[in-house]
Every structure is written in structure tokens, then in C-alpha cells.
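# Structural features, examined
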Amino acid sequence: MPSRLYQWVDQRLRLKPLEQTLLNEPIPGGASWNYVFGSATLFLFGLQALTGMFLMLYYVPATDHAYDTVQYIQQEVWGGWFIRGLHHWGASGIMVAIGLHMLQVFFDGAYKPPREMMWIIGVMLLALMLGFGFTGYLLPWDQNAYWATQVGINMVGAVPLIGDFIVRVLRAGETLGALTLSRFFAIHVAFLPAAIVMGIMLHLFILRRVGPAGPHDERRAQQGSETFYPRQVYMDAVVMFGVFLVISTLAVLVEFPLADKADPSDHSFVPVPEWYFLFHYQLLKYAPGALGPIATWLLPALFFTGLLLLPFIDRSPERHPSSRPVMVTAGLGFLVIVFTLLGISLQHLYAVPKQDPSLARGIALVEQFKCRTCHRIHGDGANIAPDLSYVADRRPDRNWHIQHFKDPASVSPGSFMPKFPLNDQQINDLTTYMLTLKSG
Amino acid sequence: MEEGLSTPVGTRRSFFVKTTMVLSSLIGISLAIPFIGYVISPALRRRTQDWVALGKVDQLPIDEPQALDYLMTVKDGWQKSQISKGTWAVKHADGQVTVYSPICPHLGCGYRWDRQDRLFKCPCHGSVYDINGAVQAGPAPRPLDTLPSKVENGELYVMYQEFKSGLSKKVEL
């Protein structure tokens with residue numbers, strides 16, 4: 001039945017020549033597992049587009065509703081948590097796929113003539129994809145979204161002369177707010193998709209005009225070629241299926257909870273960027289003072305310029321990695337730096353919660369003794385006794401707190417805070433917590 | 001186009017073709033199921049309704065319909081809002097209370113109680129009902145819609161419902 005339908009359509013539209021062009025593209029040296037990364041990236045992009053469209057059924061890009069709608073998707077819509085999980089992990093997957101795709105092209109020397117334009121468009125696609133990651137991160141409007149975007153936008157401000165202006169344009173004003181959210185949303189779901197679809201089409205158009213690069217090994221390339229269909233298509237399908245399995249397993253097993261709703265007044269929140277921005281996040285820590293702008297924008301700008309110009313910097317026609325020691329060393333060096341920074345950053349991130357069990361006990365004691373009945377801590381609690389949000393700024397002395405918990409009036413004359421029945425360990429734990437409450 | 005040297009043929013070729021089709025179908029199905037459920041689930045969800053207090057039965061005059069409003073929390077998708085709903089309550093001589101939906105069963109306008117004529121009148125298309133909800137005139141296809149109600153400890157409770165308009169039978173939305 002499908003074949004009869006196909007014949008019927010074919011008689012009218014003459015699909016055979018089109019089929020020939022699409023499927024019988026010759027691949028020099030034959031199909032290979034090395035060539036699957038581009039298809040994997042394209043597949044993940046399709047998955048992002050699809051899941052994104054479905055998320056838009058319920059999402060509302062306004063500061064008073066965005067968080068609630070994402071929570072609604074996550075908790076109440078059937079399958080919503082899964083579709084959001086696919087979109088979240090798909091975004092990470094696409095970065096991995098692009099990374100592998102670029103490494104394969106780089107080490108295989110496939111960016112060399114006549115494929116320079118394909119490489120340049122590819123670098124632009126990478127930039128657009130990072131744009132997707134940055135704009136999409138704000139949309140759930142939780143604490144992490146708000147503060148990570150705040151940091152990201154401020155980094156643009158380090159660009160001399162025009163930085164301040166760009167920051168205002170990105171935010172649509174003085175502060176990150178309703179207008180920022182709606183423009184990030186529009187960029188994420190309309191402008192970037194339009195741009196990237198054109199870029200992808202151009203990328204593929206160039207691929208079909210110049211043909212795939214094939215192996216860097218001359219002898220293998222000379223053995224002849226194989227058509228794209230069916231073996232390369234099969235390899236692509238196997239990899240896409242594997243990628244889909246990984247992404248959906250992550251979506252099912254690793255929950256991606258929302259943080260609290262964005263609170264612009266809570267400066268105590270420490271945002272963490274997505275892992276693919278982490279190496280840069282770590283790099284910023286090594287650039288104190290005047291060196292700061294170098295890390296925030298000069299290095300990234302140089303990196304992207306270098307990538308764009310790569311086919312013109314590396315002009316030798318030689319493709320085999322062993323004949324290109326400088327480029328290969330540069331590439332490996334870059335990888336070592338990125339992964340070292342990423343490793344250090346991850347180590348720091350996961351070390352924080354393990355640091356001090358005393359702190360966790362102190363936080364629990366604040367709940368147990370209902371300190372918030374009188375004190376406010378970061379916007380939560382009554383305003384009867386002093387706000388403790390930044391108490392360590394005023395009272396950095398450990399002994400003062402210990403004495404104060406034992407007998408409040410002894411160090412703070414006139415205090416109406418009762419003497420709570422606390423043992424020494426409890427006083428110590430509470431003091432540990434109090435000393436973390438500072439603005440720095 | 002001439003086939004390349006190593007392009008697979010025969011059973012080997014059909015293995016690649018079939019595997020490709022099976023794998024892509026698997027991806028398609030595992031996406032289609034959550035996508036379909038995600039889209040249609042709000043359509044399948046029934047509204048759950050609670051009893052809402054309208055007021056003391058004692059305070060209702062006999063055979064004189066009263067417009068009773070109440071506040072209820074409505075979940076509209078991800079939004080929760082307090083909205084005011086109206087009803088028409090009639091206490092009969094035997095103490096029984098009938099509560100009518102305030103929406104005309106004809107096309108959904110709000111009707112009023114005319115004290116002089118002792119009739120419910122809908123201003124939109126001229127439907128007229130008596131105190132028992134029966135149609136007296138106009139295009140209305142059915143009597144006024146009654147809402148489930150009960151009296152507990154002298155307090156009148158009602159359960160809010162809406163019905164499809166224009167039908168000769170009462171069908172809940």
C-alpha cells in the first residue's frame with residue numbers, strides 16, 4: 001500500500017530524481033561512524049524544536065506567571081516533566097554533539113579548502129546555539145535563572161565603550177525584569193530559530209555542493225565511495241536512537257527541579273551556570289581586578305574570531321593529523337585547559353554542601369526554635385526583632401554570638417529575646433549558621 | 001547515479017534499511033505517546049467541585065427569589081483565582097430551597113427576577129420562566145437549570161455547575 005501511494009505521488013511529482021540526489025550522495029571512502037556527529041546534532045536540534053513547541057502550549061513569558069506555568073508543566077500536565085526533561089537534557093546533549101562534531105572536523109582537517117564556508121557557517125551555528133542556551137535559561141524565572149542571567153548580562157557589560165549600551169538593550173532597561181523576560185522569550189522561540197534554520201540549510205547546502213570530506217587518509221579515500229543510503233543512514237539512525245535513549249533516561253532518572261521563584265531582592269542566592277559555561281565561569285576566578293575584562297569578553301571574542309578564521313590561519317592543504325603538529329597540539333591544549341577548568345569548577349560546586357555539617361544543623365535549629373517568629377532571614381519571617389539576613393556583617397565575632405545565645409541581654413542590653421534552652425553544641429551550630437549570613 | 005564500490009546490496013542492504021526504519025519508528029512512538037498525553041490531558045480532566053456556603057436558610061424570604069452571590073476559588077489551568085458567582089435561590093412554603101444557575105439555558109445570558117410580574121425574564125432574547133423554572137414564553141429550550149444544593153445546620157450549600165446552552169436537555173459542561 002505505501003508503495004502504491006508512493007507510485008501515485010511519484011507519477012505526478014517525479015520524486016525519483018529527488019530521491020537519487022538525497023540518498024545516493026557518494027561518500028568518499030565509504031560510510032563511517034566518524035560521520036555521525038552532524039546528524040546527531042541535527043536530530044537533537046529537531047528534538048529541541050519539537051519539545052520546545054510543546055512546552056509553549058502552557059508556558060507564559062511574563063514575570064508574574066512564568067514560574068507558575070513551568071511548575072504547572074512540571075507537576076500537573078500529563079508527561080510535562082518528561083517533555084521538560086527532554087528539552088533540558090537535549091540542550092546539554094546538543095552541546096556535546098556540536099563539540100564532538102567540531103573536534104572530528106578539526107582533527108580530520110575537514111575545514112580546509114573547499115569547505116571553509118561550511119566551517120564558518122558551523123561556527124556561527126555554535127554561537128547561535130549558545131544564544132539558545134543563554135536565553136532559554138532565564139525562561140523558568142526561578143532564582144537560578146534570574147541570578148545566572150544577571151551575571152551573564154553583566155559580563156557583556158565588561159566590553160569597553162559599547163558594553164553598557166548592549167547590557168541595556170539586552171535587559172530592555174535598567175533592571176532585569178518583565179521586558180527582559182519577554183525579549184529573551186521572543187529571541188529563544190522566534191528570532192534564533194529563524195536564524196539557525198537558515199544557517200543549517202546553508203550548512204547542508206554547502207555540504208551537498210562540495211560533498212563530504214571523506215577520510216584524511218589518501219589511500220582509503222581512493223578505494224572508492226559508497227552511497228549515503230543505506231549504510232550511513234543506518235549508522236546515523238543507530239546513533240540517533242542511542243542519543244535518544246540517553247536523553248530520555250536522563251529525563252526520567254535525573255530530576256531537574258525548579259529553584260524558588262526569582263526574587264530580585266535576595267542577593268544571597270549563588271547562581272550556577274549550565275555546565276557548558278562552567279569552564280568560563282571558573283576562568284573568571286583567575287582574572288582578578290584589571291585582568292577581569294580579558295577573561296570576561298576578550299578571550300571569548302578572540303576564541304570565536306580564531307575559530308571563524310581557522311581555515312585562513314591554517315592554510316596548508318595537509319589533512320592528516322600527524323602532518324599538522326601545531327594545529328593538533330593547539331587543539332589538544334585547548335581541550336586540556338577546558339576540561340581542567342570544568343573539573344576544578346565541578347569539584348568546587350560539589351564540595352560546598354559537604355563543607356560543614358554544623359551549618360546544616362544550625363539551619364535546622366532555626367526552624368526548630370521558630371526563630372522566624374520574630375526574625376526575618378532573606379525575606380522570610382516576621383519583622384519584630386532584627387533582620388538576620390546579613391547579621392555576620394554587623395557581628396562577625398563568633399564569641400559574641402555564643403555569649404548572645406547564652407544570655408541575650410548580657411551583650412545586647414535591653415534585648416527582649418528569651419534565653420533559649422540550648423546546649424553547647426546547639427549554640428555552636430547556630431553560631432556557624434549566623435556567621436554565614438553575610439553579603440560578601 | 002552509478003553505485004559506489006562498497007554500497008551494500010541484497011540482504012545486507014535490507015538489514016540496514018529495516019534497522020533504520022525500526023529505530024526511527026521507536027523514537028517516533030516514544031515521543032508521540034507523551035506528546036499526545038501532554039496535549040489532551042487538560043481536556044480529559046473533570047472539574048472537581050466542592051460545596052460552597054451561600055448563607056443561612058432562615059434569612060431567605062418564602063417564595064421570593066433572592067440573588068445570592070458567593071466567592072469561590074477557581075483553578076483555571078495554572079491560575080487560581082477567587083471569583084464571584086451568582087445564583088438565584090427560592091425558598092418554598094415547605095421550607096425546601098431550590099437554587100438556580102444564574103445562566104439562561106437558551107444562550108447563556110444572565111436573567112432577572114421581575115417582582116411585579118413574578119417571573120424570571122431574560123433580557124437578551126425574551127425567554128420567560130415562572131418561579132418553578134418552567135418556560136412561560138420565548139425561545140428557551142428547557143426550564144431553568146437547578147444546581148445541586150443541601151442544607152446543613154441551617155446553612156445553605158450549593159455546588160457550582162455549568163450546563164450547555166441551547167439544548168432541550170440539561171448537559172453539564
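For clarity, every value in this text was computed on a predicted model and none was experimentally measured.

With that settled, consider the overall build of chain B. Per the secondary structure count, chain B includes 1 helix and 10 strands. Counting helices and strands in the order they occur from the N terminus, chain B gives α-β-β-β-β-β-β-β-β-β-β. For 173 residues, the compact-globule estimate of 2.2 N^0.38 gives 16 Å, and chain B exceeds it by more than 25% at 29 Å. Dimensions of chain B, computed from the C-alpha atoms along their principal axes, are close to 100 × 40 × 25 Å. Counting across all 173 residues of chain B, residues that qualify as buried make up 17%. Counting only contacts in chain B whose residues sit at least 6 apart along the sequence, the fraction spanning at least 24 positions is 46%.

To continue, consider the domain arrangement of chain B. Here the domain parsing of chain B yields domain 1 (1–45) and domain 2 (51–159). With centres defined by C-alpha atoms, the gap from domain 1 of chain B to domain 2 of chain B works out at 57 Å.

With 29 residues of chain A at the contact, the number on the chain B side is 25 residues. Of all elements in the fold, only α4 (66–75), α5 (80–107), β2 (225–227) and α11 (228–253) of chain A reach the threshold of two or more residues within the side of chain A that touches chain B. Among the elements that line the side of chain A that touches chain B, the one with the most residues is α11(A), at 10 residues. Each residue belonging to the side of chain A that touches chain B can be placed in one class, and the counts come to 16 nonpolar, 10 polar and 3 charged.

Here we come to the sheet that holds strand β1 (residues 51–56) of chain B. All names here are of chain B. Read from one edge to the other, the open sheet built from 3 strands follows the order β1-β10-β9, with strand pairing classed as antiparallel. Each end of this open sheet is capped by a strand with a single partner; those strands are β1 and β9 (149–152). On average, each strand axis in the sheet is inclined to that of its neighbour by 30°, with strand direction left out of account. Bridge analysis of β1 against strand β10 (residues 155–159) gives 5 bridges, and the strand direction is antiparallel. Among the inter-strand pairings, Val52 is bridged to a residue of β10, identified as Val158.

Here the focus is α5(A). Residues and elements named next belong to chain A. For α5, which comprises 28 residues, the first-to-last C-alpha distance of 40 Å matches the rise-based estimate of 40 Å (1.5 Å per residue) to within 8%. Taken across its 28 residues, α5 has 20 buried, putting it largely inside the fold. Directly beyond the C-terminal end of α5, a positive phi value near 65° is found at Gly109.

Core analysis: the largest hydrophobic core is formed by 67 residues, its most contacted members being A:Ala40, A:Leu44, A:Ile94, A:Trp141 and A:Ala145. Of all elements in the fold, only α3 (37–55), α4, α5, α6 (116–138), α7 (143–156), α9 (178–210) and α11 of chain A together with α1 (10–44) of chain B reach the threshold of two or more residues within this core. The contacts of A:Ala40, once residues within four sequence positions are left out, are A:Ala97, A:Val239, A:Met240 and A:Val243. By size, the runner-up hydrophobic cluster in this structure holds 16 residues, among which are B:Trp88, B:Tyr100, B:Tyr129 and B:Leu156.

Turning our eyes to something else, we now look at the sheet that holds strand β7 (residues 128–129) of chain B. Strand order in the open sheet made by the 4 strands is β5-β6-β7-β8 (chain B), with antiparallel pairing throughout. The open sheet has two edge strands, β5 (112–114) and β8 (135–137) of chain B, and neither has a second partner.

Another point: the pairing of strand β3 (residues 79–91) of chain B. Residue and element names in this part refer to chain B. Judged from the 11 bridges that link them, strand β2 (residues 66–76) and β3 form a sheet pairing that is antiparallel. For Tyr70, the partnering residue across the bridge sits in β3 and is Lys85. The turn linking β2 back onto β3 is made up of 2 residues, and Gly77 within it adopts a positive phi angle of 60°. The antiparallel pairing of β3 with strand β4 (residues 97–100) creates a hairpin that spans 5 residues between the two strands, and Gly95 there sits at a positive phi of about 90°.

A few words on the confidence of the model for chain B. Here chain B shows a mean pLDDT of 87. Residues at 70 or above account for 95%. Both confidence scores are given for the complex: pTM 0.75, ipTM 0.75.

Rules used in this analysis
- Residues numbered from 1 in each chain as written.
- Chains lettered and ligands numbered in written order.
- Predicted model: local features only at pLDDT ≥ 70, side-chain atom pairs only at ≥ 80, totals over all residues.
- Helix = DSSP H or I, 4+ residues; strand = E, 2+ residues; numbered from the N terminus.
- Rg over C-alpha atoms; globule rule 2.2 N^0.38 Å.
- Buried ≥ 20, exposed ≤ 12 C-beta atoms within 10 Å, placed from the backbone.
- Contact = placed C-beta atoms within 7 Å.
- Domains from an automatic or database assignment.
- Nonpolar A, V, L, I, M, F, W, Y, C, P; charged D, E, K, R; others polar.
- Pairing = 2+ DSSP bridges.
- Axes fitted to C-alpha atoms, helices over the stretch in contact; angles between N-to-C directions.
- Expected span 1.5 Å × (residues − 1).
- Core = buried A, V, L, I, M, F, W, Y, C linked by C-beta atoms within 7 Å.
- pLDDT = per-residue confidence, 0-100.

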